[in-house]
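Structural features, examined
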Amino acid sequence: MHFFTFVCPSWLLLVLTVSRHSLLADALYLDLDDKDNITAVASTVAYGLMKYYTGNETGQIPGELPGPYYWWEAGAMWMTMVEYWHLTGDTTYNDVVSQALLFQAGSDKDYMPVNQTKDEGNDDQVFWAFAALAAAEAGFPNPPSSQPQWLALAQAVFNGQTTRWDASTCGGGLRWQIFAFNAGYNYKNTIANGGYFQLAARLARYTGNSTYADWADRMFDWLLHSPLVTISPDGTSYQVNDGSGTLNNCSDADHLQWTYNYGTLIAGSAYMYNYTNGSSVWEKHLQGLLNGADVFFPQQYGGSIMSEFACEGNEDCNYDQPSFKAYLSRWMAVASQLAPFTAANITAKLRASAAGAAQQCSGGDSGQACGRRWYQSTWDGYTGVGEQMSALSVIQSNLIPLTPQQAPLSSGTGGSSAGDPSAGTKNGASNPMVIQPITTNDKVAAAILTASLLIGMLSGTFWMLKVE
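Quick notes on the rules
- Residues numbered from 1 in each chain as written.
- Predicted model: local features only at pLDDT ≥ 70, side-chain atom pairs only at ≥ 80, totals over all residues.
- Heavy atoms only, no water.
- Helix = DSSP H or I, 4+ residues; strand = E, 2+ residues; numbered from the N terminus.
- Buried < 20%, exposed > 50% of the residue type's maximum accessible area, 1.4 Å probe, protein only.
- Contact = heavy atoms within 4.5 Å.
- Areas by Shrake-Rupley, 256 points an atom, 1.4 Å probe, with all protein chains shown as cover.
- Axes fitted to C-alpha atoms, helices over the stretch in contact; angles between N-to-C directions.
- Parallel < 35°, antiparallel > 145°, perpendicular 65-115°, else oblique.
- Left-handed = near helix turned anticlockwise from the far one by under 90°.
- Phe/Tyr/Trp six-rings, centres within 6.5 Å; stacked < 30°, edge-to-face > 60°.
- Lys NZ or Arg CZ within 6 Å of the ring centre and 35° of its normal.
- Core = buried A, V, L, I, M, F, W, Y, C linked by side-chain atoms within 4.5 Å.
- Nonpolar A, V, L, I, M, F, W, Y, C, P; charged D, E, K, R; others polar.
- Salt bridge = Lys/Arg side-chain N within 4 Å of Asp/Glu carboxyl O.
- Disulfide = S-S within 2.5 Å.
- pLDDT = per-residue confidence, 0-100.
- Polar contact = N/O pair within 3.5 Å; in protein donor to acceptor, adjacent residues only side chain to side chain.

Turning next to the overall build of the protein. Along its length, the protein carries 14 helices and 6 strands. Burial status across the protein gives 55% buried among its 468 residues. Of the contacts formed within the protein by residues at least 6 apart in sequence, a portion of 68% connects residues at least 24 apart. For the protein, the computed accessible surface area is about 19700 Å², with 56% contributed by carbon and sulfur atoms.

Have a look at this one:
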């Protein structure tokens, strides 16, 4: 056996020292009973998130994140930063947020900028609408009168998406993609349809206009008759699947479960519960979705720490998926405000998840970048926009119980954003605010879809029995 002596160069010793510091840095100290501490921690995480943004630099495009992040995730980030201002009172980033939301509205003021045509789907567009509507609901400073207003921007997206209701396949719903030349056009997924449902529910509550609620009802009913949402035999738990294909008329589903799919339906149901003054129907839907979302709080981690289990465990999350927990965190927090019967259960989960997220914020060059596995006590080695945004969202949500935070504003409770019910329809498009009644053909299509699902389920059961 031969031995040799290795002399470590000074530059390598420095690299090893820095790397070791990054891996072993102290996590952010989070005291969930101290408002000032939570605010300070949120400020640190928000600063780390905004370091990824370059759109306010010379020669860059305002509102967009640099690659590999897609356009939709930038919209989601601005939504999170609006909420950051609302929950902490920190105005540091307000001008940047306003510039981004207005610049990306596009020439028709409906979040359909021409340079996104090859990539933009219904789900991408609705996240920008969520950001604008969050600004209206939070009382974020209104744009100058010469610019599009927050509420009107959200209404324009709603109007445009309503004209895309597609009864030619699957009995209704929206396709994932807006344009037929984009991959995914033959897919109807939960985030696009759930996003529309949430947008309609929020507009109903903000404006008091029942037409938005009618469309929210219509979309949720379609979801329940599709394979996208299935209900347990005892009716107490809802499973939310990713999507279904139009080429087989939505006869089956991709059963992957993601936090943001549950989150968008939880929020929409909470808004409808609040809008209907505590309807028992929406109480049942909301509770069923929350029960189903327990899948993201595995018992092996105490039953209260959120996990994106579909990709975290096997380490194959893409650049989008680490951000999904940001939305479930925020939308569960909103549900706790709009439907107080959910508050105790939701608050416990957000506290445990925030504590886990903070202990992951000990990585990267700064020693405070956030990872993604909140159930792990040491930094997991991952950093990015999604990881940072998810940590920020769950941490700042814990300010709600400590401060009498007003629930999202409406036009009747102090909301001042100017609306335009016909926004987005000025180029000859039909006005979806005149809702078309459900026709016999719609009912027949829904019945056929339901029957095909039942036949598929029975065939699968027979096959399994036969195999056994």
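Let us look at the packing of helix α3 (residues 71–88) against helix α5 (residues 122–138). Where α3 meets α5, the closest approach of the two axes is 7 Å, and the angle between their N-to-C directions is 15°. It follows from the interaxial angle that α3 and α5 lie roughly parallel. Handedness of the crossing formed by α3 with α5: left-handed. Residues Trp71, Trp72, Ala74, Gly75, Ala76, Trp78, Met79, Val82, Glu83, Trp85 and His86 of α3 form the contact with α5, whose participating residues are Asp124, Gln125, Phe127, Trp128, Phe130, Ala131, Ala134, Ala135 and Ala138.

With that out of the way, let us pick up helix α4 (residues 94–103). Where burial is concerned, most of α4 is hidden: 7 out of the 10 residues are buried. Within α4, burial applies to Asn94, Val96, Val97, Ser98, Ala100, Leu101 and Leu102. On the buried face of α4, the contacting elements are α2 (35–50), α3, α5 and α6 (150–162).

Counted under the stated rule, the structure contains 31 aromatic pairs. Ring geometry for Tyr84 and Tyr93: centres 6.2 Å apart, planes at 55°, overall tilted. Among the aromatic residues, ring-to-ring pairing joins Trp72, Phe127, Phe130, Trp258, Tyr260, Phe324, Tyr327 and Trp331 into one connected group. Above the ring of Phe297, the side-chain terminus of Lys349 is found at 5.4 Å from the ring centroid.

The next point concerns the nonpolar core. Nonpolar side chains in soluble globular proteins generally cluster together in the buried interior. Counting residues in hydrophobic clusters, the biggest one holds 126 residues, and the most contacted among them are Trp78, Met81, Phe127, Leu199 and Tyr327. Those residues in contact with Trp78 that lie beyond four places of it in its chain are Met50, Tyr53, Gly63, Val96, Val97, Ala100, Leu101, Trp128 and Ala131.

Before going further, it helps to spend a moment on the environment of Glu83. Here Glu83 lies in helix α3. Of the residues examined, Glu83 reaches a relative accessible area of 6% and is grouped as buried. Note: C-alpha distance between Glu83 and Phe140 (57 residues apart in sequence) is 9.2 Å. Residue contacts for Glu83: discarding those within four places in its chain leaves Ala134, Arg330 and Gln396.

Let us look at unusual backbone geometry. Leaving glycine aside, a negative phi is the common case for residues, and trans is the common case for peptide bonds. Following Gly67, the chain continues into Pro68 via a peptide bond in cis, with omega recorded as 15°. Within the fold, Pro68 resides in the loop between α2 and α3. For Tyr111, which is not glycine, the phi torsion reads 55° and is therefore positive. Locating Tyr111 in the fold gives a position in the loop between α4 and α5. The phi torsion at Cys170 lies on the positive side, around 60°, for a residue other than glycine. Summarising the element assignment, Cys170 is placed in the loop between α6 and β1 (187–189).

Between α5 and helix α7 (residues 190–207), the least distance of the axes is 9 Å, while the angle of their chain directions is 25°. By the criterion of interaxial angle, the relationship of α5 to α7 is roughly parallel. Remark: the crossing between α5 and α7 carries left-handed chirality. The segment α5 lies against α7, with Asn122, Asp123, Val126, Phe127, Ala129, Phe130, Leu133, Ala134, Ala136 and Glu137 engaging Ile191, Ala192, Gly195, Tyr196, Gln198, Leu199, Arg202, Leu203 and Tyr206. Across the contact of α5 with α7, the residue classes break down as 13 nonpolar, 3 polar and 3 charged.

What follows covers the pattern of salt bridges. Enumeration over the complete set of coordinates arrives at 10 salt bridges. A salt bridge links Lys188 to Asp166, with the nearest nitrogen and oxygen atoms 3.0 Å apart. Here Asp166 lies in the loop between α6 and β1 and Lys188 lies in strand β1, a separation of 22 residues in the sequence. Summarising the burial analysis for this pair, Lys188 and Asp166 share the class buried. Here the residues in one salt-bridge network are Asp166, Arg175 and Lys188, joined through shared partners.

A complete count under the given rule lists 3 disulfides for this structure. The disulfide partner of Cys170 is Cys250, and the S-S distance across this bridge is 2.1 Å. Here the disulfide of Cys170 and Cys250 is right-handed, its torsion about the S-S bond being about 80°. Taken together, the residues span a long stretch of sequence, with Cys170 in the loop between α6 and β1 and Cys250 in the loop between β4 (243–245) and α9 (259–275) at a distance of 80 residues. Each member of the pair, Cys170 together with Cys250, is buried.

Turning our attention to the confidence of the model for the protein. Averaged over all residues, the pLDDT of the protein equals 89, while 86% of them reach at least 70. Scored below 50 in pLDDT, residues 1–24 makes 9 contacts in the model with residues more than four places away or belonging to other chains. Every residue in residues 434–468 scores below 50 in pLDDT, and together they form 24 contacts with partners more than four places removed in sequence or on other chains.

What follows concerns the side chain of Ser410. Mapping Ser410 onto the fold places it in the loop between α13 (385–397) and α14 (440–467). Sequence-distant contacts of Ser410, that is, excluding residues within four places in its chain, are made with Arg205, Tyr206 and Gly415.

Along the polypeptide, Gln396 turns up in helix α13. For Gln396, a relative accessible area of 1% translates into the label buried. A polar contact of 3.5 Å, which involves the side chain of Gln396, links it to the backbone oxygen of Thr80. Leave out the neighbours within four places in its chain, and Gln396 touches Ala42, Thr80, Glu83, Tyr84 and Leu87.

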